[in-house]
Amino acid sequence: VDEQEAAAESIGNLQIKDTPAENDNKSAQSLLNKLIRSNLVNTTNQVEVLQKDPSSPLYSVRSFEELHLKPQLLRGVYGMGFNRPSKIQETALPMMLAEPAQNLIAQSQSGTGKTAAFVLAMLSHVDPNLNHPQCLCVSPTYELALQTGKVIEQMGKHYPEVKLVYAIRGNKLPRGMKLEEQIVIGTPGTMLDWCSKFRFIDPKKIKVFVLDEADVMIATQGHQDQSIRIQRMLPKNCQMLLFSATFEESVWSFAQRIVPEPNIIKLKREEETLDTIKQYYVLCNSKEEKFQALCNIYGGITIAQAMIFCHTRKTAGWLAGELSREGHQVALLSGEMQVEQRAAVIERFRDGKEKVLVTTNVCARGIDVEQVSVVINFDLPVDREGNPDNETYLHRIGRTGRFGKRGLAINMVDSKMSMNILNRIQDHFNKKIEKLDTDDLDEIE
Ligand code: ADP
């Protein structure tokens, strides 16, 4: 059962594509990121820009004033606590706000300011005196659409003439109705129905079309077709904007089908490294011994906050229970929890309300908790075939170059097999993982 459970939990590994669980996981991960993200991610990389017309000058702005926004919108932007454009916004905003409209495909990891950028573009382009939809924004799920809607409401706080409506399943409108809101945000299926079958929206009057989270979108059967069918109803001069966190081949070909003559902006992810991490392993014989070693570590060194990774839900639950009995304040992330619940657990942990977070791999994928100084692999990361999952190892303990504080990683080894995995991880990264004697911890500090 443990094996099966482990397999179920490792869905989300990159090699398994196109299963429903994988799609759910993608959109859940994306939502989780939005729910816990309160700041821009730091990046030292430069944006790469490919202009549709390479001979035209490339503008980039260092301040929001330079964009000559409507005063109501500038107030909205500052009201959100933004002081200056993010890296990607510096080039994306002038392109999106230029006249005549330019199309854009933009890729950068989550948390770099894409949503804020296209929300500002939509709000800048609508005419509040016209009472019909002018901007359409499609998102992969209802929950993600709601999150974007919230940003529109915040940024448009001082611009109440602009109205917003959600094209999502369950939002039933009377037949023959014509929408008066300027911005429509929703999922592709309902948006398509509203444009064609029900004609609540006249697609010919749309000025801006935004396709958000393209990578998550195409993971869902049908979304690609629906998006393309919406796009085909729009006028030639409608501005098309597409955003994605990742850019594998499938996303790229979809992007090119939906955005004609695009400008392209890419921002590379900050590379993670093990350079600032001290890596150790502890030799044990059973899970009880691993727990004892963990207690020794806690007794021997001062740990501000730690994340502990387990392979299965069962182990994670057991370990969290044992740690609580020892008097630790423990947070537990587990696969059966709803995304909102997970976000709440992570936020409490980030606020320091708990000092230990026990989690399975899938739950914590893609989550950055910067202040965590110690990561413990109670189980080593392996893929479904039982091979070392180097990517996950790096992501769990790696830090991004310049911003990374020094960290400590401790791996628990409890069998020949896991020793073999550890050795392969060590070889892969060509970085020594030192043996640690938990009865004598002087060497760590
Ligand atoms: P993405 O869509 O790329 O995931 P978001 O637009 O959601 O990124 O931005 C990530 C976080 O950073 C959000 O909390 C957002 O409010 C904030 N943010 C966006 N742009 C700026 C900015 N220019 N200055 C400060 N914070 C920003």
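Heads up: the structure comes first, above all this text.
Given the structure is predicted, the values throughout are model-derived calculations rather than measurements.

Draft legend 1. Region of the structure containing the nonpolar core. Judged by nonpolar contacts, the single largest core of 43 residues is most densely connected at Met96, Met122 and Ile183. Take this core: its biggest share by element is 8 residues, from helix α5 (residues 114–125). Not counting the four nearest positions on each side in its chain, Ile183 is found in contact with Met122, Leu123, Val126, Cys135, Ile152, Val162, Lys163, Leu164 and Val165.

Draft legend 2. Broad picture of the packing of helix α4 (residues 87–97) against α5. Where α4 meets α5, the axes come as close as 10 Å, and the angle between the chain directions of the two elements is 25°. It follows that α4 is roughly parallel to α5 by the angle criterion. Crossing of α4 over α5 shows right-handed handedness. Note on element contacts: α5 touches α4 through Ala116, Ala117, Phe118, Leu120, Ala121, Ser124 and His125, opposite Gln89, Leu93, Met96 and Leu97. When its residues are assigned to classes, the contact of α4 with α5 shows 8 nonpolar, 3 polar and no charged.

Draft legend 3. Summary view of the sheet that holds strand β17 (residues 434–435). One open sheet holds the 7 strands; their spatial order is β12-β13-β11-β14-β16-β10-β17, and the pairing between them is parallel. With partners counted over all chains shown, the strands left at the sheet margins are β12 (330–333) and β17, one partner each. Here strand β11 (residues 306–310) runs beside strand β13 (residues 356–360); their pairing, made up of 5 bridges, is parallel. In the strand pairing of β13, Met307 is matched with Leu357. The strands touched by helix α11 (residues 287–300) are β10 (277–283), β11, β13, β14 (374–377) and β16 (407–413); relative to β16, the strand with the most contacts, the crossing angle is about 155°. Helix α13 (residues 339–350) rests against β11, β12 and β13 of the sheet, and its axis sits at about 150° to β12.

Draft legend 4. Up close: the site of the ligand. Contacts to the ligand come from 18 residues, most closely from Arg84, Gln89, Gly111, Lys114 and Thr115. The dominant element in the shell around the ligand, judged by the number of residues it contributes, is α5, at 3 residues. Residues of the shell around the ligand, tallied by class, amount to 5 nonpolar, 10 polar and 3 charged.

Draft legend 5. Representation of the side chain of Glu213 in the model. Mapped onto the elements, Glu213 comes out in the loop between β6 (208–211) and α8 (214–218). Among the residues examined, Glu213 registers a relative accessible area of 9% and is labelled buried. Separated by 3.2 Å, the side chains of Glu213 and Lys34 make a polar contact. Dropping the residues within four chain positions of it, Glu213 is found in contact with Ser30, Lys34, Pro140, Leu144 and Phe243.

Draft legend 6. Representation of the sheet that holds strand β1 (residues 47–50). Taken together, the 8 strands give an open sheet; going across it, the order is β1-β8-β2-β7-β6-β3-β5-β4, and neighbouring strands pair in mixed fashion. Sheet topology places β1 and β4 (164–167) at the edges, where each strand pairs with a single neighbour. Recorded for the sheet is a direction-independent mean angle of 15° between the axes of neighbouring strands. Note: β6 against strand β7 (residues 239–244), 4 bridges, orientation parallel. What sits directly across from Leu211, in β7, is Leu242. Its contacts with the sheet place helix α10 (residues 249–258) against β2 (103–107), β6, β7 and β8 (262–267), and it is angled at close to 170° to β7.

Cut-offs applied
Residues numbered from 1 in each chain as written. Predicted model: local features only at pLDDT ≥ 70, side-chain atom pairs only at ≥ 80, totals over all residues. Heavy atoms only, no water. Core = buried A, V, L, I, M, F, W, Y, C linked by side-chain atoms within 4.5 Å. Buried < 20%, exposed > 50% of the residue type's maximum accessible area, 1.4 Å probe, protein only. Helix = DSSP H or I, 4+ residues; strand = E, 2+ residues; numbered from the N terminus. Contact = heavy atoms within 4.5 Å. Axes fitted to C-alpha atoms, helices over the stretch in contact; angles between N-to-C directions. Parallel < 35°, antiparallel > 145°, perpendicular 65-115°, else oblique. Left-handed = near helix turned anticlockwise from the far one by under 90°. Nonpolar A, V, L, I, M, F, W, Y, C, P; charged D, E, K, R; others polar. Pairing = 2+ DSSP bridges. Near = heavy atom within 4 Å. Polar contact = N/O pair within 3.5 Å; in protein donor to acceptor, adjacent residues only side chain to side chain.

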